[in-house]
Amino acid sequence: MNKPAARPAAAAAPQGEAKGGGSSLFAVLAIILAFVVSVIVFVFVLGDGSHFQGGNHENNPLPGDYFGVVYKGGPVVPVLITMFLCVIIFSIERALTLGRAKGSKSIESFVRTIRQKLNVNDITGAIAACDQQKGSVANVVKAGLVKYQEMARERHMEKDQKVLAIQKEIEESTALELPMLEKNLVIISTLASIATLVGLIGTVLGMIKAFSALAQGGAPDAVGLANGISEALINTALGISTSALAIVAYNFFTSKIDELTYSIDEAGFSIIQTFSAQHGATEHNTTV
């Protein structure tokens, strides 16, 4: 009876790999697209002559024109804009993925329904509730319930072995679903770490320009000094803002994943406890 149970897990592995490959391709394309958009925005929008004195981006920006001010941040600005766009893109992608993983209605209501069905030993009704809910949590719970029915019909295994078989099925199903939930979170966490460092690089480059303007012979170059300080501050602001947004997004999605895994654990515990309670006496009478 254990061999047929192993086949669905083996068949699901290529599907998971296909999903992983598609998600990796999406990540690469998203980063490339974000960089292209950032360069276009930097050159043709922020660097447009209408934002600068005399219509030339080499001059100072017009008073109160923030597009021109950001353009003066220098060549590091497109990189920071790319990181900012990546945080937005992958946050939207994770929100949609976790929304699908949750299912059609609230997780709390779904788990409550499953526990109510289990309390009256309505396994068929619980499976039907999983089909209505859909999503990753429902998939894991349904796998455990199907195994529950299979073990309930089994007459040649001890109760402890059946319980372990159900528990193993839930754990294997969870292991197949979790990578999909956590996919691309590593990109957000990486952006949270390096955005500030990239902004710091821009800050250092800006300060180098500022001190170079001061080091010139004769009167200091006021325009060069102002541009250097402006570049330093803009890159610092962009780097810190991107990093802060990425940290908030990462912690938010991590907490959502924790809620889903907790719901899976709660439903799985209810399945195992119900099986032990419903089939304990039967197993004892059978062995006697």
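Structural notes, computed from the coordinates. Keep in mind that what you see is a predicted model, and the values were worked out from it rather than measured.

**Notes on the overall build of the protein**
Piece 1. Looking only at helices and strands, the protein has nine helices and zero strands in total.
Piece 2. Traced from its N-terminal end to its C-terminal end, the protein shows the element sequence α-α-α-α-α-α-α-α-α.
Piece 3. The buried share among the 288 residues of the protein stands at 40%.
Piece 4. Within the protein, contacts between residues separated by at least 24 positions form 74% of all contacts whose residues are at least 6 apart in sequence.
Piece 5. Looking at the protein as shown, the accessible area adds up to about 15,400 Å², and 65% of this sits on carbon and sulfur atoms.

**Examining the packing of helix α4 (residues 107-119) against helix α6 (residues 135-153)**
Piece 1. Contact geometry for α4 and α6: axes closest at 11 Å, N-to-C directions at 10 degrees. When the axis of α4 is compared with that of α6, the two are roughly parallel. In this structure, the crossing between α4 and α6 has a hand that is right-handed. From α4, Ile 107, Phe 110, Ile 114 and Leu 118 reach across to α6, where they touch Val 137, Ala 138, Val 141 and Leu 145.
Piece 2. Residue composition of the contact of α4 with α6, by class: eight nonpolar, no polar and no charged.

**Some points on the packing of aromatic side chains**
Piece 1. Throughout the structure, instances matching the rule amount to five aromatic pairs.
Piece 2. Summarising the aromatic geometry, the rings of Phe 42 and Tyr 71 are spaced 4.7 Å apart at their centres and angled 25 degrees between planes, so their arrangement reads as stacked. Of this pair, Phe 42 sits in helix α1 (residues 2-46) while Tyr 71 sits in helix α2 (residues 66-71); the two residues are 29 residues apart in sequence, bridging distant segments of the chain.
Piece 3. Classification of Phe 42 by relative accessible area gives buried; the value is 11%.

Here is what the cut-offs are and how they apply
- Residues numbered from 1 in each chain as written.
- Predicted model: local features only at pLDDT ≥ 70, side-chain atom pairs only at ≥ 80, totals over all residues.
- Heavy atoms only, no water.
- Helix = DSSP H or I, 4+ residues; strand = E, 2+ residues; numbered from the N terminus.
- Buried < 20%, exposed > 50% of the residue type's maximum accessible area, 1.4 Å probe, protein only.
- Contact = heavy atoms within 4.5 Å.
- Areas by Shrake-Rupley, 256 points an atom, 1.4 Å probe, with all protein chains shown as cover.
- Axes fitted to C-alpha atoms, helices over the stretch in contact; angles between N-to-C directions.
- Parallel < 35°, antiparallel > 145°, perpendicular 65-115°, else oblique.
- Left-handed = near helix turned anticlockwise from the far one by under 90°.
- Nonpolar A, V, L, I, M, F, W, Y, C, P; charged D, E, K, R; others polar.
- Phe/Tyr/Trp six-rings, centres within 6.5 Å; stacked < 30°, edge-to-face > 60°.

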